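What follows is each chain in one-letter form.
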Amino acid sequence: MINTNFLPFPELETATLRMRRLNQKDLQQIFLLRSDDKVMQYIDRKKAETMKEAEDFFNLVDDALVKGDGIIWGIECKDQPGLMIGYVCYWRLLKEHFRAEIGYALLPEFWNKGFMKEVLTEIIKFGYDKMKLHSIEARINPANKFSAALLKSSGFIREAYFKEDYFFNGSFGDTEVYSRLQGTST
């Protein structure tokens, strides 16, 4: 079984970024992320319309953390401490198979700066070294070419393409599945 004891919370750092536990002070930033048209364009979930929905999201992920069902880090720039610019998480943990799904989101003004590549490098290392994962997967909308490029540059390979495998907002959508096995390099 994989290690899903995330308490005390494992803070992570890169050269320019810090990944830390979400807190109540992040609710406004969570709302900005979850309600932004660009951020949510390829995330087939209902956009947040109220701060209550941001709070519900926070409570959901914090509860998963405490139960060992997932972990989410708020991302902040070291030169702007306290300002969450995005998040990255492990969820859909398949404990008996040593596999987890990764997810991420970043505010548009921080796109194309290499931040998410920096984050994924640390998060992947954490997944293998601390959680004892054998494989990490990412499920994306096939139209999200930037996410596909990020995953490929981080050592993921396209594993599957599912046609119309889910229903959202009145239509069926496709899913691309990428994965990376332990020991794979970028």
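Scroll up to find the structure this text is about.
What you are looking at is a predicted structure, and each value in this text was computed from that prediction instead of being measured.

Draft legend 1. Focus on the pairing of strand E6 (residues 135-140). Within E6, 5 of the 6 residues are buried, leaving the element largely enclosed by the surrounding structure. Across 3 bridges, strand E5 (residues 99-106) lies against E6 in parallel orientation. If you follow Ala100 over to E6, its bridge partner there is Ile136. You can see the chain leave E5, run along helix H4 (residues 115-129) and come back into E6, and the turn it takes is right-handed.

Draft legend 2. Up close: the sheet that holds E6. Here we have 8 strands laid out as an open sheet, ordered E1-E2-E3-E4-E5-E6-E8-E7, and mixed in their pairing. With partners counted over all chains shown, the strands left at the sheet margins are strand E1 (12-13) and strand E7 (157-168), one partner each. Running over the sheet, helix H1 (residues 27-35) touches strand E4 (84-94) and E5 and is turned about 75 degrees from E4.

Draft legend 3. Summary view of the packing of H1 against helix H3 (residues 51-67). The geometry of H1 relative to H3 is characterised by a closest axis approach of 9 Å and an angle of 105 degrees between their N-to-C directions. The pairing of H1 with H3 is recorded here as roughly perpendicular in orientation. Between H1, through Leu27, Gln28, Ile30, Phe31 and Arg34, and H3, the contact on the second element is made entirely by Met51, Ala54, Glu55, Phe57 and Phe58. Within the contact of H1 with H3, the residues separate by chemical class into 7 nonpolar, 1 polar and 2 charged.

Definitions and cut-offs
- Residues numbered from 1 in each chain as written.
- Predicted model: local features only at pLDDT ≥ 70, side-chain atom pairs only at ≥ 80, totals over all residues.
- Heavy atoms only, no water.
- Buried < 20%, exposed > 50% of the residue type's maximum accessible area, 1.4 Å probe, protein only.
- Helix = DSSP H or I, 4+ residues; strand = E, 2+ residues; numbered from the N terminus.
- Pairing = 2+ DSSP bridges.
- Right-handed = clockwise from strand over helix to strand, strands pointing away.
- Contact = heavy atoms within 4.5 Å.
- Axes fitted to C-alpha atoms, helices over the stretch in contact; angles between N-to-C directions.
- Parallel < 35°, antiparallel > 145°, perpendicular 65-115°, else oblique.
- Nonpolar A, V, L, I, M, F, W, Y, C, P; charged D, E, K, R; others polar.

Geometry only, nothing functional implied.
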